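Breakdown of the fold
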Amino acid sequence: MVNRCGLLTAQREPVPLKSVEVELEVRDHVATVVSTLNYENKEDKPIEAVFVFPLPGDAAVCHFSAMVGQTQIVAEVKEKQKAREEYDDALSSGQQAFLLEESDQSPDIFTLSVGSLPPGESASIRLEYVTELAVQADDGLRFCLPAVLNPRYQPQGSEGPSVQVTSVPASLVPYSLSFSARVSSPRPVSKVESNCPLDPLQYLNTEQTQATVKLAAGHKFDRDVELLIYYKDAHQPSAVVEAGQTSAKPGTLMGDPVVMLSLYPEFPQAVMSSVASCGEFVFLLDRSGSMDCRTNNSKQQETRIGSARDTLLLLLKSLPMGCYFNIYSFGSRYEHIFPKSVEYSQKTMEDALKKVEEMGADLGGTEILKPLKHIYSQPCIQSQPRQLFVFTDGEVGNTKEVIDLVKKNSGSHRCFSFGIGEGASSALINGLAKEGGGHAQFITGTDRMQPKVMQSLRFALQPAVVDISVTWDLPKGVSVTVLSPPITALFQGQRSLIYAQLTGQSSEAAEGCVTVKYSLAGHPSQNQLNFSLKPAEDTGTRQFTLMACRVHGQMCLPLSPVCRLTVHRLAAQTLIRSLEMEERERRGEQDGGVKKKVVELSVQSGVSSAFTAFIAVKKGDGEAIQGPLLRRNVPTRRLLNRICCSAADRGFSVRGMSKGFVSSPSDHLFDVKMARPPSHRSIQIASRWDASAEPQQPLRDPFLQLISAQKASGCWVLHPALAAALGKTSEELENPKPALVNQEVWATILALIWLHGFKMDAQQEWELLAMKAVSWLRAQNAACVTECVEAGNALLGCKVQKDALGL
């Protein structure tokens, strides 16, 4: 037997990829990522290295080059089939070639081919992309460097070939990662958090508007690298104008200035505090085998399906009386609890929760298309706006088909999506929400699913923003071409972006105005951004910054100059994605006009698309290769869970993330999130408890036990289950009750006091169901409320004020 040295795959084949270096530059809410992949052929024959890897689904890949020895080869964007042919021709003639192409099925998967790497030779591949950072519920900006690429389930009969992924367990990935980030903004950087250990945050100036941070030494690239970036002062509306490329033809996208508008709508508090009492809420839950995996690699962390069951409990308890709901689940087949959506009541809620408790990750693969088609085939209920909540680990191969279906039905519903665990497809999760007019959330590492889902439920219960329009008031001689699709949804605290091309000439002092009009709860509203065009400082290209002002406000926010035509690249990517979707909708038409537009725009802007690829060939005197090249598939990471993941439908196992870390000037490695304590069973249903006896084995989590005991109307009753949740006996609960107060009022006030006294850290999770309880109490016109609050505080050892309860 021969012992082979160096990097090896699980099949004992040498791995030519040695290391990955990533540099991140964040300017306000836009990120530029430069990745360098270092290859070395230690074999005695020329090889072809093929690496299939994930990128953010909305990334605009705009640069690809290779350094071989002292020679740099910069790739060009060409039509995909031509690029493939050029690559094959180069290899057959003995030349070195490099090919980077996007998957036909999902825009978050790329294939990098390094061809004809001679024995003993090294090559460094440089890949650059730009992307927008999503705003989180706590105003943080989320950046994710995908590391995990799980095998994607390809349903039978779906379009196109599946993506062939060579993957190994994360602990066996044979190459290293170095990662550093530089953050700059007009506002001070307050902190940077991560799911991975970080070195301390280093400020670069006294204003603390620039900072650097990097992964701590010894990090293994065994999970997605997530950064949460926080600025002082919440995000403000802003706009940036970037001048066109001097070498590009005026009148083209790259030759004209492009403006990027960042809108943060603010709605009246009176409207936002109101909660809709109607709606059809449809919950679609992934029950494929991979949902049985832990949400991270801790033995004490609950499974994805267990967390989803807890979340459905909270959702069902928080729904308003008078609405309609149904729950679907899917794998290789799909199920629904009710034949059609039913009115929300105590009985239907209990029936649903009994079914939810029995749900496991036991339905096989991940075929989401069929249940979606069934949901959309159901007629909408009059005066009950449909709200769809999708929970999945995102391991599907037909991403574009799914997103196209959601867009086709976007006029009849809003879609809120949740990506669970490592490797969830960002293209799928973001695409569902974008095309469905909803909001996307990702739950990774020690993240709790419940607060993120409840934030989306609050969005769904808010009055829908309708009749959205954008008007431009620009100087004479300047016209605008909007490149982004029309805005279909606005949410409080969430950013909406608009890209537009500006054509024509104006003076430096020229000013303009953008007005966003919409209707909210029947009231017309508008937000304005006033701006003045002004040349920026010299940055190597002609550029301008825009001064942004709040509606009726005086504050202006000058943004730093944008380098490398970042705004143009993002605008091009936005337009490319819209045109790609249009091409899929018109598939079957013979003219091919839309595809031609995509190819032309991709080549002109240097941004990849589904129909183009980056190709680089090192010209030389290579000899024609006799026979096929040795092909070496570089493995990417997949999740591995040695504890619980059966995943029999996939033939692979899964492992997740470790706990969270934060980087701040004063802390080296500081845990920012605590893992949830385990529960022996995620949900217990109130109807299962024997009302005549104390429960023998109460839930370990009293919070879930308390929530389980709430009635659909919002009230609680004096019951052994409530006593157990509050840590008391039934007698201890009943004895202090004021004589003139009925049992339901007393029990409901006790529950509210306990939530405010002991679970304020989870207020996002119980806020809606508490509002329902308060509404129920007010409807009772109950006497002695003040006396009840005082007695309840004494019983539970709290000091909660009556006003704090909302009474």
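The structure presented is a predicted model; accordingly, all values stated were derived computationally and were not measured.

Cut-offs used in this document
Just so you know, the residues in each chain are numbered from 1, in the order the chain's sequence is written. With pLDDT at 70 or above as the cut-off, local features in this predicted model cover only qualifying residues; side-chain atom pairs require 80 or more to be listed or tallied, and sums for whole chains, interfaces and linings still use all residues. Note that the side-chain values use all heavy atoms of the structure and ignore hydrogens as well as water. Relative accessibility under 20% of the residue-type maximum defines a buried residue, over 50% an exposed one, and the middle range a partly exposed one, all with a 1.4 Å probe and only protein chains included. Each helix is a run of DSSP H or I of at least 4 residues and each strand a run of E of at least 2, with the numbering of both proceeding from the N terminus. Strand pairing requires that DSSP identify at least two bridges connecting the strands. Working rule for contacts: check all heavy atoms of both residues, and any pair within 4.5 Å makes them a contact. Salt bridge, as applied in this entry: a Lys or Arg side-chain nitrogen positioned within 4 Å of an Asp or Glu carboxyl oxygen.

**Remarks on the pairing of strand 20 (residues 280–286)**
Every regular strand shows the same layout, with side chains that alternate between the two sheet faces. Here strand 20 lies mainly inside the structure; seven of its seven residues are buried. Note that strand 20 and strand 21 (residues 324–330) share seven bridges and pair parallel. Each bridged residue has a counterpart across the sheet, and for F281 the counterpart in strand 21 is F325.

**Describing helix 7 (residues 426–435)**
Spacing of three or four residues puts side chains on the same side of an α-helix, whose turn is 3.6 residues. Most of helix 7 sits inside the fold, with eight of its 10 residues counted as buried. Turning to helix 7, its buried residues number three or more, namely S426, A427, L428, I429, G431, L432, A433 and E435. Tucked into the core, helix 7 has its buried residues touching strand 24 (386–392), helix 6 (399–408), strand 25 (413–420), strand 26 (440–443) and helix 9 (566–585). Immediately beyond the C-terminal end of helix 7, within one or two residues, lies G437, with a positive phi of roughly 65 degrees.

**Here we look at the pattern of salt bridges**
Scanning the model with the defined rule gives 22 salt bridges in all. With a closest N to O distance of 2.8 Å, E101 and R84 form a salt bridge. In this pair, E101 is assigned in strand 7 (residues 96–102) and R84 in helix 1 (residues 80–92), connecting sequence segments 17 residues apart. For E101, a relative accessible area of 11% translates into the label buried. Close ionic contact of R386 with E280 constitutes a salt bridge, the shortest N to O distance being 2.8 Å. Here R386, found in strand 24, pairs with E280, found in strand 20; they are 106 residues apart in sequence, far enough to count as distant. Judged by relative accessible area, E280 falls into the buried class, the value being 4%. One continuous salt-bridge network, built from bridges that share partners, spans R287, R333, E335 and D362.

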